[in-house]
Structure formats: structure tokens, C-alpha cells
Amino acid sequence: MKVFSTKKELQKEMEQIRKEGKTVGFVPTMGALHEGHLSLINRSVAENDVTAVSIFVNPTQFNNRSDLEKYPRDLQRDLLLLEKNGCDIVFSPSVDEMYDKNEFESVFEFDFGGLDQVMEGKFRPGHFNGVVQVVSKLFNLVQPTKAYFGEKDFQQLAIIRRMVNLMNFDIEIVGCPIVREKDGLAMSSRNLRLNAEERQKAVEISKTLFESKKLISNFSPEQVQNWVIARLNSFSGLEVEYFEIVHQTTLQPIHSWSEPAIGCIAVFCGEVRLIDNIKYNDVQ
Ligand code: PAF
């Protein structure tokens, strides 16, 4: 496994790989790797000649300084896991390597077509500008054949698909299912920040989402939405930031179960903000 920290070294390596006609699978991450990331990496290893992973805690996508500072980091552990899972190339740049000073001072502009106006975009202003900024840079550097993203960040995945279309990247975007702990909690690097009591409460998020699926034959999307919010807010230590049942493609609210519906949620568990989602039916 080769580890690079500069753009130049990475580009040189990727150019050589392309010359050899090899396919490249790319998994962008912010490190603190867990089984969810490993599922993306394993899929990339199975589907491509070469797998590249980036580890970069991207400051431009954090709208909360303390969240950025507290984001878990453990590069040595991540590298061991990557080596064990068949990764070939790791790109782990510093912030200065990734960004010029002026890129920090100006807002990265992108036409989101409204996808950033709801849910994560509404509650984390500027978040998706930062995501598109860093992922487009990484795509230009790596130029992969396929790139792998988890469906836990469902809105991010929709925005990346739009970005690839608008910016004409010749990259296949592969969405991969959420990986859960045995008790149902969606895997997340942020789970590491939960204390024992919070960890126990956090399981109520997925439990409530699974229960809500049983309600759709008798209740409207609005009623199910209200039920989920009320149930989770009834636990002390949990506070729902949003729960919205939206169309799986447009991410706009739906009013009938005949549409392809997904419920997306953000919940504060103590100070830790967790997200999850559940599909109520499939895209037709
Ligand atoms: O999903 C993430 O971990 C990040 O948003 C990503 C895609 C690596 C960009 O920083």
C-alpha cells in the first residue's frame, strides 16, 4: 500500500496507473474508519484493479468549529485497517496542501438545484458547498473509474450525483447501503464520541425509524413524521433537529406513499449529532 501526502506524488502515481489501463475505485473519507467505510472499500476492491482511499477531515464542510475540532482522528489505526482490507493507495494531505488561502476566504459556488435547501443543507449552511469543493478536487486528482459513497449520507449522495452530471466527470457513482451495529445504530465515526449512556439512547433512533415503517398502511407521511419526532423527543438526552419524509430523487417533501419515500433524520444525542435514514418504498 502506498501512502501519499502531496497532490504531485498522487497525480504521478495515478497517471501511471491510467497508462497501464487499470480501473480505479475511489473511496473518499474523513478517516476514523469503521465497518461502514470498510464495506465501501471491500466493494471497490472487488470491482476494480486498484483502490484508492483519501483521508482528509475537510474544514470547509464544517459549519461548527467545535464539531471540526472534536472530529475523531487516528491515522495510524486507519492505515492498518486499509492495508488489511486490500487498499492500494492512500491520500492523506494536510489542509495547506489541499487548499490555497484564497479558497478558504471565498465561498465555493455550485448550482445545487434546490437539493441543498432542505434537511442537512438547511441546518448546516455551507456544508454542501464544502463537500462539493473537496470532492471535485479529489475527483480531479484521482480521476477514478468509480467512486463509492454510503447511503447514510443520502443527501450528500444525491448532491454528488448532480455534481458529476453538471461538471461532466466521467465517473460512475456507486451508492452503498447503510451498515449498522448489531442493535441497529447506523455506523458513524461520530459514534466514538458517545458515552455509555448516550450510546444506549442512540439505538432509539434506528428503532424508531424501523417501527415507523409499520405505520405507513394506516397513517399519512405527515402523521408518521410527527410520530417519529414526538417519540424520539420523549427520551431525555435526545433532541430531533429534523425528520423529513421526502422524495428519494428530488428530496422534496412527499404527501402520499405512492411516491418513492425516504425518511431522513438528524438527532442530537447529548452534544453529538447523528444522522440516519430509512426507505419506505423503492424508487419506481
Ligand atoms: O462523507 C464524508 O466522509 C465526507 O463528506 C467526504 C465525502 C469524504 C468529503 O469530505
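In what follows, the structure referred to is the one given above.
Not measured: the values here are computed from a predicted model. The numbering scheme is per chain: residues are counted from 1 as the chain's sequence reads. The predicted nature of this model means local features are confined to residues of pLDDT at least 70 and side-chain atom pairs, given and counted, to a pLDDT of 80 or more, with totals for whole chains, interfaces and linings taken over all residues. Values shown for side chains rest on all heavy atoms present in the structure; no hydrogens or waters enter the calculation.

Undergrad: Now, about the overall build of the protein: what can you tell me, with residues and values included?
TA: Only DSSP runs of H or I reaching four residues or more are called helices, and only runs of E reaching two or more are called strands; each is numbered from the N terminus. In terms of regular secondary structure, the protein is built from 11 helices and 9 strands. With C-alpha atoms as the basis for the radius of gyration, the globule rule is written as 2.2 Å multiplied by the number of residues raised to the power 0.38. For 284 residues, the compact-globule estimate of 2.2 N^0.38 gives 19 Å, and the protein sits close to it at 19 Å. Taking the principal axes of its C-alpha atoms as reference, the protein extends roughly 60 × 40 × 40 Å. Buried, partly exposed and exposed residues are distinguished by accessible area as a fraction of the type maximum, computed with a 1.4 Å probe on protein chains only: under 20%, between the cut-offs, and over 50%, respectively. Within the span of the protein, comprising 284 residues, buried residues form 53% of the whole. For this analysis, residues touch if any pair of their heavy atoms sits within 4.5 Å. Partitioning the intrachain contacts of the protein with sequence separation of at least 6 by distance along the chain shows that 72% fall at a separation of at least 24. When the accessible surface of the protein is split by element, carbon and sulfur atoms take 49% of a total near 13,600 Å². The charge count treats Lys and Arg as positive and Asp and Glu as negative. His and the chain ends do not count. Here the site of a charge means atom NZ of a Lys, CZ of an Arg, CG of an Asp or CD of a Glu. Counting 33 positive and 40 negative side-chain charges, the protein places the averaged centre of each group 2 Å from the other. Surface accessibility in these figures is a Shrake-Rupley result with a 1.4 Å probe; residues are shielded only by whichever protein chains are displayed.

Undergrad: So what's going on with the site of the ligand? Residues and values would help.
TA: Proximity criterion: a residue is near a molecule or strand once any of its heavy atoms comes within 4 Å of it. All residues adjacent to the ligand are P28, T29, M30, N58, Q61, V134, V135, F149 and Q156. In this structure, Q61 approaches the ligand through a side-chain N or O atom, which is 2.6 Å from an oxygen atom. Here an oxygen atom of the ligand and a side-chain polar atom of Q156 are 2.7 Å apart. Taking 290 Å² as the accessible area of the ligand by itself, protein coverage stands at 88%. Broken down by secondary-structure element, the contributors of at least two residues to the shell around the ligand are strand 2 (24-29) and helix 8 (127-142). Note on residue classes: Ala, Val, Leu, Ile, Met, Phe, Trp, Tyr, Cys and Pro are nonpolar, Asp, Glu, Lys and Arg are charged, and everything else, Gly too, is polar. Of the residues belonging to the shell around the ligand, the class tally is 5 nonpolar, 4 polar and no charged. Here a polar contact means two N or O atoms within 3.5 Å. Within protein one must be a hydrogen donor candidate and the other an acceptor candidate, and residues neighboring in sequence count only if both atoms are side-chain atoms.

Undergrad: Tell me about the sheet that holds strand 8 (residues 261-269), residues and numbers included.
TA: One open sheet holds the 3 strands; their spatial order is 7-8-9, and the pairing between them is antiparallel. The sheet is open, and its two borders are formed by strand 7 (238-247) and strand 9 (272-279), each paired with just one other strand. The mean angle between the axes of side-by-side strands here comes to 15 degrees, regardless of whether they run parallel or antiparallel. Whether two strands pair depends on DSSP finding at least two bridges between them. In this structure, strand 8 lies alongside strand 9, joined through 8 bridges in antiparallel fashion. In this analysis, axes come from line fits to C-alpha atoms, helices being fitted only over the stretch in contact, and the angle between any two N-to-C directions falls in the range 0 to 180 degrees.

Undergrad: Any details on the environment of T60? Residues and values, ideally.
TA: Tracing the backbone shows T60 in the loop between strand 3 (50-55) and helix 3 (65-70). By relative accessible area, which is 18% here, T60 ends up buried. With near-sequence residues (within four places) excluded, T60 lies in contact with Y99, F104, G126, G130 and Q133. Separated by 3.2 Å, the side chains of T60 and Y99 make a polar contact. Here the side chain of T60 touches Q133 through a polar contact of 2.9 Å, side chain to side chain.

Undergrad: Explain the pattern of salt bridges residue by residue, including any values.
TA: For salt bridges, the criterion is a side-chain nitrogen of Lys or Arg within 4 Å of an Asp or Glu carboxyl oxygen. Summed over the entire model, instances satisfying the criterion amount to 24 salt bridges. The salt bridge involving K137 is made with E103; its shortest N-O contact spans 3.0 Å. Residue K137 is found in helix 8, and its partner E103 is found in helix 6 (residues 101-105); the two are separated by 34 residues along the sequence. Of the residues examined, K137 reaches a relative accessible area of 19% and is grouped as buried. Across the pair K201 and E197 runs a salt bridge whose closest N-O atoms are separated by 3.7 Å. Of this pair, K201 and E197 both sit in helix 10 (residues 196-213), separated by 4 residues, roughly a single helical turn. Classification of K201 by relative accessible area gives partly exposed; the value is 21%. Judged by relative accessible area, which is 54%, E197 ranks as exposed. Via salt bridges that share partners, D67, E120, R124, R190, R193, E241 and R273 belong to a single interconnected network.

Spatial relationships are all this shows, so hold off on functional conclusions.
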